[in-house]
Each structure stands twice: as C-alpha cells, then as structure tokens.
Amino acid sequence: MGWIVYDKTGEIKRCTIKELEYNGVFMGERAITATIKSPNPIYFSIFDYITYRGERFELDYDPTAVKTASAGEEGDAFSYDLRFVSIKYELE
C-alpha cells in the first residue's frame, strides 16, 4: 500500500510514497513530509499533490534530487525530501 503523488493535472503519476509523516494542528497548518528514493530522477513540480485522509496536500516548492549512488552502482541513485502542505491552509 502507499500514497500516489500526481502532477497538478492528476493525469501523471510521479511516484508512490510508502511511508510518510503527518504534522498538523487543529484549524492550523497541516503538512505531510516524506523521503523518496528512486533509481531514476523524478521531475517533481510545484502543485504536484497527494491525497491523505480525504484531503489534498500540494508541494509548495521544487524538491532537489540528492545523488546517493555513483554510476554503475546498484540501488536507488536519487533521494528527495518532500513537503506537502494542505491546500485548505493556503486558501485561508
């Protein structure tokens, strides 16, 4: 199981998040953080989103890839730290 990250149109699946952390305050800012590792670069963009507990959370910045493996090494070569914010918070 996991949560799917979509582009802002909802048509392109960027990746699947297997573990995440939810931080929120009632009637305040709510955010989700996660770390993604991938053998290939993922081209995230502002407004890419995830749905968690029926609420939409969007990226509020373009995450930077951190190279974690050298060419020719097996395993995940790129790591991304993602932070999604609640669009309800942005609207308020």
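Relevant structure appears above.
So, here is what we can say about the structure in this document.

Notes on the environment of Ile42
Take Ile42: it is sitting in the loop between β4 (30–38) and β5 (49–52). Distance from Ile42 to Arg14, taken between C-alpha atoms, is 6.8 Å for residues 28 residues apart in sequence. Filtering out sequence-adjacent residues up to four positions away, Ile42 remains in contact with Arg14, Cys15, Ile36 and Tyr80.

What to know about the environment of Phe44
As for its position among the elements, Phe44 is in the loop between β4 and β5. Since its relative accessible area comes to 9%, Phe44 is described here as buried. C-alpha of Phe44 to C-alpha of Tyr61: the two residues are 17 residues apart in sequence and 9.1 Å apart in space. Residues in contact with Phe44, not counting those within four places in the same chain, are Val5, Arg14, Cys15, Leu59, Asp62, Pro63, Tyr80 and Leu82.

Regarding the pattern of salt bridges
Under the defined criterion, the tally for this structure stands at five salt bridges. The partner of Arg14 in a salt bridge is Asp48, and the shortest N-O contact between them spans 2.8 Å. Of the two residues, Arg14 sits in strand β2 (residues 13–17) while Asp48 sits in the loop between β4 and β5, which places them 34 residues apart along the sequence. For Arg83, the salt bridge is made with Asp60, and the minimal N-O distance between the two is 3.2 Å. Note that Arg83 is positioned in strand β8 (residues 78–86) and Asp60 in the loop between β6 (55–59) and β7 (66–67), a separation of 23 residues in sequence.

Thoughts on the pairing of β8
Within β8, seven of the nine residues are buried, leaving the element largely enclosed by the surrounding structure. Two elements, β4 and β8, share eight bridges in a ladder whose sense is antiparallel. By the bridge assignment for β8, Ile36 is matched with Tyr80. In this sheet, β8 lies alongside β6 in antiparallel orientation, the contact comprising three bridges. Bridge pairing links Glu58 to Val85 in β8.

About the criteria used
- Residues numbered from 1 in each chain as written.
- Predicted model: local features only at pLDDT ≥ 70, side-chain atom pairs only at ≥ 80, totals over all residues.
- Heavy atoms only, no water.
- Helix = DSSP H or I, 4+ residues; strand = E, 2+ residues; numbered from the N terminus.
- Contact = heavy atoms within 4.5 Å.
- Buried < 20%, exposed > 50% of the residue type's maximum accessible area, 1.4 Å probe, protein only.
- Salt bridge = Lys/Arg side-chain N within 4 Å of Asp/Glu carboxyl O.
- Pairing = 2+ DSSP bridges.

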